[in-house]
Structures are given as structure tokens and as C-alpha cells.
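# Commentary on secondary and tertiary structure
What follows is each chain in one-letter form.
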Amino acid sequence: MAETIRDSGRVEPTLGSSQRAAHAEFRLPESESKPGTIISFFRRKPKPVPAPAGENRREPQMRRVEAPAPRAAPVAKVAPKPERPAKSKPEPAPEKPRAKSTPARRSLWMSPITRRILLLNVMALAIPVFGLLYLPTYRDSLIQSELELLKTEGELFSGALASSGVVTDPDGSERLQPDTSRQTIRRLVDVSKTRARLFLPNGTLIADSFLLSGPGGILLIEPLPPPEPPEGPILAALGGAYDWLLGRFPTSDLYPPYGESAVQVADDYQEVQQALGGDTGTFVRSGGDGALVLSVAVPVQRYRQVLGALFLTKAGKGVESTLRKTRLTIIAVSLVALGITVLASLYLASTIALPIHRLADAADRVRRSKGRSAGIPDLSRRRDEIGDLSGALRDMTEAVWRRMDAIERFAADVAHEIKNPLTSLRSAVETVARVEDPQQQRKLMGIILDDVQRLDRLISDISDASRVDAEMSRAETSKVKIHDLISALVDIHSVTDGDGKPKVVADLPPADDLTVLGAEGRLGQVFRNLLTNALSFSPRNGTVTLRARRDRGRIVIQVEDEGPGIPEDKLKAIFDRFYTERPEGEKFGTHSGLGLSISQQIVEAHNGTLTASNRRDRASRVIGARFTIDLPAI
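Since the structure is predicted, the reported quantities are computational estimates derived from the model, not experimental observations.

### Let's talk about the packing of helix H8 (residues 385-432) against helix H9 (residues 438-474)
For the pair H8 and H9, the least separation of the axes is 8 Å and the interaxial angle reads 165°. One element, H8, and the other, H9, form an angle in the roughly antiparallel class. The two elements H8 and H9 meet at a crossing, and its hand is left-handed. Tallied by class, the residues present in the contact of H8 with H9 amount to 17 nonpolar, 4 polar and 5 charged.

See the structure below:
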């Protein structure tokens, strides 16, 4: 028999001492090389080594000489054949490993999420602010208010002129007295600082509050604007920015320009012509440098007779000043709101971007780490989507580690299970060459055949087990009627049933299809595995029962037999890979120990469970085994 040497868990069969002489180590024949150098059966071509300076040596070509008989014989020296030295090809330079790109850590300001949050929040604040600053609604309301005040003032002045500045001619007609009207107008506008002009029905200007006659001629009076209060540096900066921004938008240029001719007449002003017709007229003009000129023309009437037109004009500096102060207040409040918005946006971005950066860095460390020291931070205390993402990444990492552990265990189990029949096969092969008894040779050949069949069955089951996860992940699910599936299995077994074999019966509800969602072929494989297992443990003329029912949204399937049952400490171990617990008298090696493991793997892929238990009678004696499948119903 072959001797075995265990080296780090690896079994390597070696020949016995009686055969070592025939397979002695090959040694080089006597040549220029050192005697006793050992060479192997397969020798790789050595790399060319440059010879030392001043020395030109060439290694002779060696060949193995077969010994004709086990007895000692002189080894013939083989002369090296002169050969043309082979040209050594230059070895290509080793390719440098490509550096793995790692995501660069961005600062909070450089984060795209931060920029998007800032942009959205600032836009939400800027749109109404620009609307308040630019839309002319507020400005038009101020202008309309000033025109209403100016119109009321004109009606009062018109009534005063009609009562004090009108004279009656000898023919009974009434007209305005120019001197009296000038004095009355000058007294009326002395408080309001409004420019008043009086036109006769023929369009002649007879009075102007800004024109004074004196010894040197007529003087034009221009009132000075009131002194403005000093502004602080902040308000001055805001005012400068406001004036710059206001210059970029059209304002008073929308109104016609205001102009005065050397000799003013009623036809120069549209509103005056309207007032001479008996109606009050208003008009807004641009006075240059962004200023406005507001004007109102009111008819001077006495007993509904139009005696003239009172033309009042006023600079719109009050409107612009009020509008400017209002807009500066809006800008100041908007800047404060902008600062709060930026701080709130940065805080919001820090609660989103920074944890995501932490998770990304942790995931990259897990990818690059050699061991399991790196992990995903636990952010589940946040109780938001990022906390859910952290928990999902942690669960995914744990699932990956568990899958790697399962792969390592599976590889170790496969190596162990394949090594056993290989060791037996090798021993039988080595032994059959030395045995001359034909009966012993047939026995050894039978062992070899059994080991080959065992290997074939084992490899087939291993391949099936390794494909289950991949096939279940891409398999198309459909509605599977458990009632029909179990009935078909029972019918197939009843055809092949014979004397002494266990019977298979079904216990199914008559009016329920017991429908689940899954892969029908794989579920049928589970039922066949459990049925085959139950039949192998059932006694002669026994009964295997397939029972199914619906229980609160679940489909429960049970496979019961009348065999010896399962040891209590093995109820979970029987689902381990390569675990075998066969009935007495069954031939060794006919099962791989993967059937229940594959069945549990398929059931769990359908979001179900597969468990094992023992059936007991009233005296608590084991009367068989029960396998229970729990699947979600539809």
C-alpha cells in the first residue's frame, strides 16, 4: 500500500521503499558540471545569465538515459552536441501596476450638493427680491398718490382763483384779472412749493409762480432741494450699489421728456388743453437725471364757465426718494436673509454631504483594505435617509463578508470531499499494478469504478449547488400551484410503486391551488429531494405523506415519513454541506450530502424557510421525521 505524507493538511501519496530503487533520482552523467546534481522530470528553461569576464562557458545539452533493467549498469556518458547558440530574446519590462484611483475628498464649499442647495435657496430668495426692486407696481402707486394730492391741491387753488381773481366787464362777461390772479397764486403756492401757471382760454400764460417781475426785469425762481440727512458707510455702500443697479434697468426713460419753450402757450401741454375743455388732466414726464415731473391741469370755472386753466407741476423727487428708501430697506433685509440662508444652507449641506463623504471614504477603505479592520460608520441614529443608507451599507458589507466566508468554507469542504475519493482512487490504482490475483484485481477495479462514480456524482452536486444562487438571481418567477406540483409527484411515484416500497399519499385542500410566486423547476427539485430522502428512511410498506395548507398569508408544506427520525442535536446540522446521515445497510458514497443544503438554499431564495423536526406519538416516542417548508402566498 502507498505511504502518505501529510504536509500542511495536503495528502501526497509516495511509493514504498521497495519501489524507490526503480524510481531513483536522476543524476547528471559525468560531465563538466558538478557531479550529483539533481534534475527534475520537467525543467523550465533557465534565464540567460551573463558569463563572467574572460570566461566563455556553454552548458552541455543533457538527455535522460532509460535503464534497461533494475540491475546496476554503467551509465554511458553523453557527449554534448555542438549547437548554434540560441539568440536570447530580450524580456519585456514588467508592466507597472496601474494605480487605483481613489475619490478625492472635497471640501464643503466644493461639494456639488452644497452648491445645489445654495443655488436653490438663493434663487428662492432672489426672485421675489428682484421682483420687488424692479416691478413698477409700487412706483406707480406712489406716482398715483402724488398726482391725487396734486389734483386736490389744484381744485382748491382753482376755487380760490374763481372767487378772488375774477372781474366782471361792463358787458356782463367775466374774466380773470392777471394782477390779482398772480398775487393769489403766489400766496397759495408759498407753502406747498408747487409751481403754478395760469392760462387763459385763448392759451395765453398770464401767471407763473416761479416768475417774478422787478426793476431789472423778470426773474426765474428755482427752489433748492431740502438737505438730505448724512448716511452711514453701510447705507452709502447700499445706496451706491442701488444707483448702479438702477442704472442697468429702464426707469424714467419710459416717460416723454419735459421741456419749456421761451413763450409758453396752452398748446404746449396736453393736460392744459384738456383742462380748457372742462376736464382735469394729469401727466407724468421725465425731467432728466432720472427725475420725474408730475403735472395736473384743473379748469378754473365760475358757474360752470371755464375762465382759464390752472397748471400745477411738481418734481417727483419725493417719489424717487421714497422708492429709494423702500428699496434700500428691502435690500438690507434681503442681505440679512441671504446671510441666514447661506448659513442654513451650509448647515443643511453639512448634514448631507459630510456623512455621504464619510460613507464613501469608508466604502473605499473597505475596498482597499486587506483585512476586515475597516468598516462602515453607523449613522442609523440620524433616523433619516442617510441613516438608512448607512444601515444598508453595513448590512451589505456584512453580507459580503458572510458570502466570502461561505465561499471559503465551501471551497474547503469541496477540497476535503474530493480529496477522500481521490486518495482512495490513487491507492487502488497504485495497488492494482502490483497485484497479480485476478479476483483481487477485479475487486480493486470495482473500487476504482465506485470512486469514479462517486466523484462524478459529487462534482455534479457541487456544480448544482454553486449555480443555485446565480440561477435564482436571474430566473424569471411565475405563479406556481403547489397543489398541482404535489399531485404530479404523487402520481409519478404511484406508477413506479412496487411490492414492499413505501407509499406516497397527499393531503391537500380540495378548493385551494396554494399558489406561490417562484421558479417551478427549482421548487419541484426541492420536493423531489425531500421525497427521495423520506423514501430512503421509510421502512418497507411505510407511508410518506405530502401535506400542504394555507396559514395566514403563508403556504406551509410538510413531508412526513415513518423512519427512525433525526437525532435532536442534528436537526440543524443536516442542512450543512456534505453532511450525511444514511440508514444502516445503505452503500457508502451513494449520496453527496448536498441535497438538503441545496433545498434550503432554493427555499431561502424564495423568501421562505426549511426546517426539520421529529414526529412523536402520545408517549413522546419518535415515529418519523418531518420537513416543513414555509413560503409566502399570493
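### Here's the deal with the environment of Ile459
Tracing the backbone shows Ile459 in helix H9. It is 8.9 Å that separates the C-alpha atoms of Ile459 and Val414, two residues lying 45 residues apart in sequence.

### Structural notes on the sheet that holds strand S15 (residues 543-551)
Sheet strands line up and pair through hydrogen bonds in the backbone, either parallel or antiparallel. The 5 strands lie next to each other as S13-S15-S16-S18-S17, forming an open sheet whose pairing is mixed. The sheet is open, and its two edges are formed by strand S13 (503-507) and strand S17 (609-616), each paired on a single side. For this sheet, the mean inter-axis angle between neighbouring strands, taken without regard to orientation, is 20°. Where S15 lies against strand S16 (residues 554-560), 7 bridges are found, and the strand directions are antiparallel. Bridged to Arg547 within S16 is Gln558.

### Digging into the sheet that holds strand S10 (residues 291-302)
If you trace the 5 strands from one edge of the open sheet to the other, you get S6-S5-S11-S10-S9, paired in antiparallel fashion. Each edge of the open sheet carries a strand with a single partner, namely strand S6 (205-208) and strand S9 (281-288). Within this sheet the neighbouring strands show an average axis-to-axis angle of 20°, counted without direction. In this structure, strand S5 (residues 195-199) lies alongside strand S11 (residues 305-315), joined through 5 bridges in antiparallel fashion. Among the inter-strand pairings, Ala196 is bridged to a residue of S11, identified as Leu312.

### Points about the packing of aromatic side chains
Taken as a whole, this structure holds 4 aromatic pairs when the rule is applied. With a centroid separation of 4.7 Å and 35° between ring planes, the pair formed by Tyr269 and Phe311 is classed as tilted. With Tyr269 in the loop between helix H5 (233-246) and helix H6 (270-276) and Phe311 in strand S11, this residue pair connects regions lying 42 residues apart in the sequence. Residue Tyr269 is classed as buried on the basis of its relative accessible area, which comes to 2%. Judged by its relative accessible area of 0%, Phe311 is buried. Taken together, Phe199, Tyr269 and Phe311 form an aromatic cluster joined through their ring pairs.

### Quick notes on the side chain of Arg195
With respect to the secondary-structure elements, Arg195 resides in strand S5. A polar side-chain atom of Arg195 sits 2.7 Å from a polar atom in the side chain of Asp208. In this view, Arg195 contacts Asp208, Ser209, Phe210, Tyr258, Glu260, Gln264, Phe311, Leu312 and Thr313; residues no more than four positions away in its chain are not counted.

### Focus: a nonpolar patch on the surface
Nonpolar side chains collect at one region of the surface, where Leu119, Met123 and Ile127 lie side by side and expose about 310 Å² of accessible area between them. Examined against the element boundaries, Ile127 turns out to sit in helix H2 (residues 112-134). According to the relative accessible area criterion, Ile127 is exposed, its value standing at 58%.

### Looking at helix H3 (residues 137-164)
With 28 residues, H3 extends 41 Å between its outermost C-alpha atoms, agreeing within 8% with the 40 Å of an ideal straight helix rising 1.5 Å per residue. Considered for burial, the residues of H3 that qualify are Arg139, Leu142, Ile143, Leu147, Leu150, Glu153, Gly154, Phe157, Ser158, Leu161 and Ala162.

### What to know about the confidence of the model for the protein chain
Model confidence for the protein chain is summarised by a mean pLDDT of 76, while 75% of its residues fall at 70 or above. Confidence drops under a pLDDT of 50 for residues 1-102, and excluding neighbours within four residues, the segment shows 63 contacts in the predicted structure.

### With respect to the pattern of salt bridges
Taken as a whole, this structure holds 20 salt bridges when the rule is applied. For the salt bridge of Arg368 with Asp364, the shortest nitrogen-to-oxygen distance reads 2.6 Å. One end of the pair is Arg368 and the other is Asp364, both in helix H7 (residues 317-368) and 4 residues apart, which spans about a single turn. Of the residues examined, Arg368 reaches a relative accessible area of 40% and is grouped as partly exposed. We classify Asp364 as buried; its relative accessible area is 9%. Ionic pairing is found between Arg554 and Asp630, a salt bridge with its closest N-O pair at 2.9 Å. In this pair, Arg554 is assigned in strand S16 and Asp630 in strand S18 (residues 622-632), connecting sequence segments 76 residues apart. Using a relative accessible area of 27% as the deciding quantity, one classes Arg554 as partly exposed. You can call Asp630 partly exposed: its relative accessible area is 23%.

### Topic: the environment of Leu323
Mapped onto the elements, Leu323 comes out in helix H7. A C-alpha to C-alpha distance of 7.9 Å links Leu323 and Tyr138, two positions 185 residues apart in sequence.

### A closer look at the environment of Lys479
Tracing the chain through its elements places Lys479 in strand S12 (residues 478-481). You can call Lys479 exposed: its relative accessible area is 63%. Sequence separation between Lys479 and Ala633 is 154 residues; the distance between their C-alpha atoms is 9.9 Å. Lys479 has contacts with Thr515, Val516, Leu517 and Ile634, leaving out every residue within four places of it along the chain.

### Looking at the nonpolar core
Judged by nonpolar contacts, the single largest core of 46 residues is most densely connected at Ile482, Ile486, Phe527, Leu530, Ile557, Phe627 and Ile629. In terms of residue count, the dominant contributor to this core is helix H11 (residues 520-537) (6 residues). In contact with Ile486, other than residues within four places in its own chain, are Ala506, Leu508, Phe527, Leu546, Ala548 and Ile557.

### A closer look at the pairing of S17
Alignment of S17 against S18, held across 8 bridges, turns out to be antiparallel. The partner of Arg615 across the bridge, within S18, is Gly624. Adjacent in sequence and paired antiparallel, S17 and S18 are bridged by 5 residues, among which Ser620 carries a positive phi angle near 65°.

### A closer look at helix H12 (residues 595-605)
In terms of burial, H12 is a largely internal element, 8 of the 11 residues being buried. Residues of H12 that are buried include every one of Leu596, Ser597, Ile598, Ser599, Gln600, Gln601, Ile602 and Val603, and no others. Turning to H12, the residues buried within the fold contact H9, H11, S17 and S18. At the C-terminal side of H12, Asn607 shows a positive phi close to 60°.

Cut-offs and rules
- Residues numbered from 1 in each chain as written.
- Predicted model: local features only at pLDDT ≥ 70, side-chain atom pairs only at ≥ 80, totals over all residues.
- Heavy atoms only, no water.
- Axes fitted to C-alpha atoms, helices over the stretch in contact; angles between N-to-C directions.
- Helix = DSSP H or I, 4+ residues; strand = E, 2+ residues; numbered from the N terminus.
- Parallel < 35°, antiparallel > 145°, perpendicular 65-115°, else oblique.
- Left-handed = near helix turned anticlockwise from the far one by under 90°.
- Nonpolar A, V, L, I, M, F, W, Y, C, P; charged D, E, K, R; others polar.
- Pairing = 2+ DSSP bridges.
- Phe/Tyr/Trp six-rings, centres within 6.5 Å; stacked < 30°, edge-to-face > 60°.
- Buried < 20%, exposed > 50% of the residue type's maximum accessible area, 1.4 Å probe, protein only.
- Polar contact = N/O pair within 3.5 Å; in protein donor to acceptor, adjacent residues only side chain to side chain.
- Contact = heavy atoms within 4.5 Å.
- Patch = residues over 30% accessible without salt bridge, like charges linked within 9 Å, V, L, I, M, F, W, Y side chains within 5 Å.
- Areas by Shrake-Rupley, 256 points an atom, 1.4 Å probe, with all protein chains shown as cover.
- Salt bridge = Lys/Arg side-chain N within 4 Å of Asp/Glu carboxyl O.
- Expected span 1.5 Å × (residues − 1).
- pLDDT = per-residue confidence, 0-100.
- Core = buried A, V, L, I, M, F, W, Y, C linked by side-chain atoms within 4.5 Å.

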